Amino acid sequence: MKIFIISLIIIFCIVNGLSAQEENADALFLKQRKEFVLNADGSMDYNYSHQLKLITYLASDKQYGESFIVFNPAFQQLSIHKAQTTMVSGRKVKSPDNAFNEVLPQFAPNAPAFNHLREMVVTHTGIEPGATVDFAYTIHSKRDFMPSLMGNELLPATAPVRELEIVVKVPLTQSISYQLFNNKTNAIIKSDGVYKIYTWKFSNVKALTHEAFQSKDNRLLPRLSFSTGKLTIEMITAQPAFALEVNDAMKAVVETIKTKETNPLQIALHIQELVVGDFSTIAVPPAYTGFRLRTPVEVWNSNYGTEPEKALLFAALLKQAGINCIVSAAAFKGFMDNQMANPLLFSEYYVLIDFGKAGNIALSPIKLNDQNPLVSQPNRELAILTPGKGLKTVRIDQEKNQVQLDGKLILDDNGKTTGLCNVLWSGIMQPYLRIMRNEKAVSGLFTDGINTQDIKTYIVNENKPLLLKVNYTIDKSDALHESSGLYYMSLPQLIGDAALWGLSELPTTRTESLELPVVTDQEYNLVITLPATVTLISPDIKKNVKNSAGTVEISFKKEGQAVVITRKLSLSTLVLKPEQVSDLKVLMNVWFNKNYRQLILKKI
Amino acid sequence: MGPGEGFTLHKGEMTFLDRCGVCKDKAGMLITMLRAAGFESYPAMTMAGSRIDYIPADQFNHSVTVVKTHDGKYKMLDPTWVPFLRELWSSAEQQQGYVMGVPEGADLLYTPVSDAANHYLRITGTSELKSDGSLEGDLIVTAEGQSDGAIRCNFTGSAKSDWKSNIEKELLRIAPQAQLLALDYGKDPYDYMAGPILLKIKYRIPDYAVVTADQIVFTPFVASNLFRGAQGQLSFNTTLKDRKYSFTDRCSRLVELKETVKLPVGFRFDRGKINMHSSDAAVSSDGKLVQQGQNLEFTFKGQYNKRIYEARDWEPFRLAVDNQNFFALNPVVLIKQ
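The structure presented is a predicted model; accordingly, all values stated were derived computationally and were not measured.

J.: With reference to specific residues and values, describe the overall build of chain A.
T.: The helix and strand tally for chain A stands at nine helices and 37 strands. When the backbone C-alpha atoms are referred to their principal axes, chain A occupies close to 90 × 75 × 45 Å. Taken over 604 residues, chain A has a buried fraction of 40%. When contacts within chain A are restricted to residue pairs at least 6 apart in sequence, those whose partners lie at least 24 apart make up 73%.

Structural data, given as structure tokens:
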């Protein structure tokens, strides 16, 4: 009897758990299965199947009417086994012959080198809310297409998954290295006499959410990474592309740059502008070419490349310029397992340049970052891709990321503001590369309250890779905005201010951890002297909040004809659990509040 | 789907079984069903989002349906653009050229203007401004036609798990510290046939107003341009003084905003009353802010009568938008008596 009651309770909990999951879902994967097979002859099979229940019109009309499968016909063969819908009435509708259409993948246009890639668009017919779609296919890859059998599977999908099974089969003589992140399910390892079979079974996997500020590289989501290759990275870097050879045209361009610049960083930045701006970036994931990368000369001649290809081109040009550099890739910290790296986890590619005493600086081949993009990314690692050598990783340290302004401004009767602002940016906040490209950019580092034309003069006191100190002389003619008889004066805001990060629309309900761009300390200290003809309407303010997300302090105080303003924000926790997000909102609501970012004045 | 498509209308049976198709398949499906129901119905071609010149050439990008009504006139139907819209013909396609494929032949015709009142957006609020500067209140948001669609798509065009946060974000856009206390969007936003969308919202905004010893400065919440996504007119840059060419909004539209704000005891609206008014056949506006007893009453009505405006309509259009923005951008000052 006791067992019966316990069983009933368990069944009740399971049923209700599923109901709660389905209640807010537009669709539900009843079953999802992914099987990766390394055959004895070196070829590979990827067998995918799912049973998807459509719940809402959004699911049937907009989300799941079609399935998309990208494959490389030069090395892969796609076989679709099943595309059938069971309608609410029970009627089964197979996708007709004209429901299978090959198109050019969205990421491969304008690039002949990738125009052979194909995307099979499968139209699911008979779909309606309440219908269930059964879908199954296999991609067979020829031997040597991929450097090894590998996978990088996020467990959550666009809809909740009731039963998820991931299977990896390799010949008995082989084994895989694997890591299961953010999940404790154990692999079941067995043999069927031909294959060693690794199986992971998951149930009730919650869906991906659309919440903003989720972890970089999705590193906090459940994920299975595996690979059969101990030498995968060595195989990739053994390609001719890593020889970094250049042709005469490339040599000539480098020589032209070198005649204009002698500073190695300036030469590197000019070459970066060339690679970023003059060569189209083609967003083909390297896996679709089996990590085959075209040589820098081929990329140069074609005028386009993928991100790793452009990194190699960048490195080849730098090498030609005599600048010591290495191609590298970023991934989340801990992605390596016993020196076995899975290149599917690489999310960005860089060229890491050794500037000797000035240290290493990473430059992107696809965008011009204001700062070294690897500053203050403590949850990421940099994989060094050096031919002939095993993978090494570089740790990325957390730096002190500050924005600080100390200013004294005087407002006159005519709404003109003059004075001095001493400003400091450090860590990731220091727009070092932007300024190295163009020192005049120093005058464009205010984002509110003061415009470029309001800066009369500036003196750069210090400009190091992680620190910038500037003294600004301000001369602003129209500091006040009149409305309903009151005058409003916006306080200065600097580039890097947390108010610019887009946190203002964070909903109260949160299910995933929130990762801030960086931890930071921000501080504005201002003394604004008012003329005798103007009186302050803004009240004295004193706000102090301290919680698990950090601290915020706002103070407006009138001292004679002067208003003494302090605005301080310290965001000390990089990753906030869902239950901590309300603390962040409390801090940011004070920081955002426009009443604490402006002065309200009245002319007497 | 597949090769050899062109202008072929597939058989109704096929589309019905497939439960999918492009515009011409859906138009064909509707024709089949209407004919089965005894109506006289034909396909028509149109150019969604652009114009058709009066030359016999393929200038079409969209297929729709016409049905003959009891008075012998043809009525336009668009089965592709109207799912979850309370219209049979999408008014986002008003003032648009089309050619009917009727047996007697037809010349190039244009769809009529849809009355702005068919696409009303009404936001009605009651709120109380506390002496500490916080604002608490209720909003009722209702809409019809294309405006209904613009509000409803927060639900029908979005994952179910995001429905509440979509509405919460509307408040956060105005005040990041806003708190959504309650949201009622009815039984099922997908059930668009049940009636115009109706949202009931309760909110609180701490630190909303600037409070000094003798003044309170704030903006009535309904005046703050809430639900901008349903107010295409607000996306126009009205600093442009003149236009040489016609311009297009998404649809004709009637915007009606109303809020009663209960003021803290002892405070009065320093200007007593503000009126903003503009009048033109194309666009008109009428806004008012007035204190009545202890309440501040805000009303604004903007009537945008076209989808495609002529260049000379720009002045009344921008005037109406500026009038609406006036109330959003110029805070109210309350004086302690």
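The structure having been displayed, the exposition proceeds.
J.: Tell me about unusual backbone geometry, residues and numbers included.
T.: One non-glycine residue, F213 of chain A, lies in positive phi territory at about 60°. Here F213 of chain A shows up in the loop between β13 (195-205) and β14 (223-227). A positive phi angle, near 65°, is found at F84 of chain B, a position not held by glycine. Note on placement: F84 of chain B falls in the loop between β3 (74-77) and β4 (97-100).

J.: Got a sec to walk through the interface of chain A and chain B? Specific residues and values, please.
T.: By a frequent convention, interface size equals the accessible area lost on bringing the separate parts together. Listed as interface residues are 37 residues of chain A and, on the opposing side, 31 residues of chain B. For the side of chain A that touches chain B, the secondary-structure elements that each account for two or more residues are α2 (57-63) and α9 (581-592) of chain A. Among the residues forming the side of chain A that touches chain B, the class breakdown is 13 nonpolar, 20 polar and four charged.

J.: Outline helix α5 (residues 314-329) of chain B, listing residues and values.
T.: Residues and elements named next belong to chain B. Here α5 spans 21 Å end to end across 16 residues, near enough to the 22 Å set by a 1.5 Å rise per residue. Those residues of α5 that sit buried are W314, P316, F317, R318, A320, V321, Q324 and F327. Taken together, the buried residues of α5 touch β12 (247-248), β15 (273-278), β16 (283-292), β17 (295-304) and β18 (308-309).

J.: Could you give me a rundown of the sheet that holds strand β21 (residues 392-395) of chain A, with the residues and numbers involved?
T.: Residue and element names in this part refer to chain A. The strand order β19-β18-β17-β20-β21 describes an open sheet built from five strands, whose pairing is antiparallel. Edge positions in the open sheet fall to β19 (360-363) and β21, since each of these has one partner strand only. Each adjacent strand pair in this sheet contributes to an overall mean axis angle of 35°, direction not counted. Of the pairings in the sheet, the one linking strand β17 (residues 325-332) to strand β20 (residues 380-384) comprises five bridges and is antiparallel in character. Of the residues in β20, the one forming a bridge with A330 is L382. Packing against the sheet, helix α7 (residues 307-320) makes contact with β17 and β18 (348-354), and its axis sits at approximately 15° to β18.

J.: Tell me about the sheet that holds strand β28 (residues 486-490) of chain A, and please be specific about residues and values.
T.: Each strand in a sheet pairs with another by means of backbone hydrogen bonds, the pair being arranged parallel or else antiparallel. Residue and element names in this part refer to chain A. Spatial ordering of the open sheet is given by β27-β28-β37-β32, a layout of four strands whose pairing is antiparallel. One side of each edge strand has no neighbouring strand; the edge strands of this open sheet are β27 (481-483) and β32 (534-536). The sheet shows a mean angle of 35° between the axes of neighbouring strands, taken without regard to direction. Bridge count for β27 against β28 is three bridges, and the pairing is antiparallel. Paired with H481 across the two strands is Y488, which belongs to β28.

J.: Tell me what's going on with the domain arrangement of chain A, and back it up with residues and numbers.
T.: Residue and element names in this part refer to chain A. According to the domain assignment, chain A consists of domain 1 (25-229), domain 2 (235-395) and domain 3 (402-603). Of note, the centres of domain 1 and domain 2, computed from C-alpha atoms alone, are 31 Å apart. Of the residues lining the interface, 22 residues belong to domain 1; the matching set on domain 2 comes to 24 residues. Elements represented by at least two residues in the side of domain 1 that touches domain 2 include exactly β9 (150-154), β11 (177-181) and β14. Per-class residue counts for the side of domain 1 that touches domain 2 are twelve nonpolar, seven polar and three charged.

J.: For the pairing of strand β23 (residues 417-426) of chain A, give the residues involved together with the corresponding values.
T.: All names here are of chain A. In this structure, strand β22 (residues 402-411) lies alongside β23, joined through nine bridges in antiparallel fashion. Looking at the pairing, L409 lines up with G419 of β23. In textbook terms, the turn of a hairpin is the stretch between consecutive antiparallel strands, and for β22 and β23 this stretch comprises five residues, one of which, G415, has a positive phi near 85°. The pairing of β23 with strand β26 (residues 467-476) spans ten bridges and is classified as antiparallel. Among the inter-strand pairings, V423 is bridged to a residue of β26, identified as V470.

J.: An account of the nonpolar core is needed here, citing residue identities and associated values.
T.: Among the nonpolar cores identified, the biggest contains 207 residues, and L312, A315, L318 and V351 of chain A are the most heavily contacted of them. Among the elements that line this core, the one with the most residues is α7 of chain A, at eight residues. Setting aside its immediate chain neighbours within four residues, A315 of chain A contacts L244, C325, V327 and V351 of chain A. One finds A27, I31, M45 and W89 of chain B within the second-largest nonpolar core, a separate group that totals 13 residues.

J.: Before we move on, can you summarise the domain arrangement of chain B with the specific residues and values?
T.: Splitting chain B by domain gives domain 1 (12-110) and domain 2 (117-336). Its residues assigned to classes, the side of domain 1 of chain B that touches domain 2 of chain B comprises three nonpolar, three polar and two charged.

About the thresholds
- Residues numbered from 1 in each chain as written.
- Chains lettered and ligands numbered in written order.
- Predicted model: local features only at pLDDT ≥ 70, side-chain atom pairs only at ≥ 80, totals over all residues.
- Helix = DSSP H or I, 4+ residues; strand = E, 2+ residues; numbered from the N terminus.
- Buried ≥ 20, exposed ≤ 12 C-beta atoms within 10 Å, placed from the backbone.
- Contact = placed C-beta atoms within 7 Å.
- Nonpolar A, V, L, I, M, F, W, Y, C, P; charged D, E, K, R; others polar.
- Expected span 1.5 Å × (residues − 1).
- Pairing = 2+ DSSP bridges.
- Axes fitted to C-alpha atoms, helices over the stretch in contact; angles between N-to-C directions.
- Domains from an automatic or database assignment.
- Core = buried A, V, L, I, M, F, W, Y, C linked by C-beta atoms within 7 Å.

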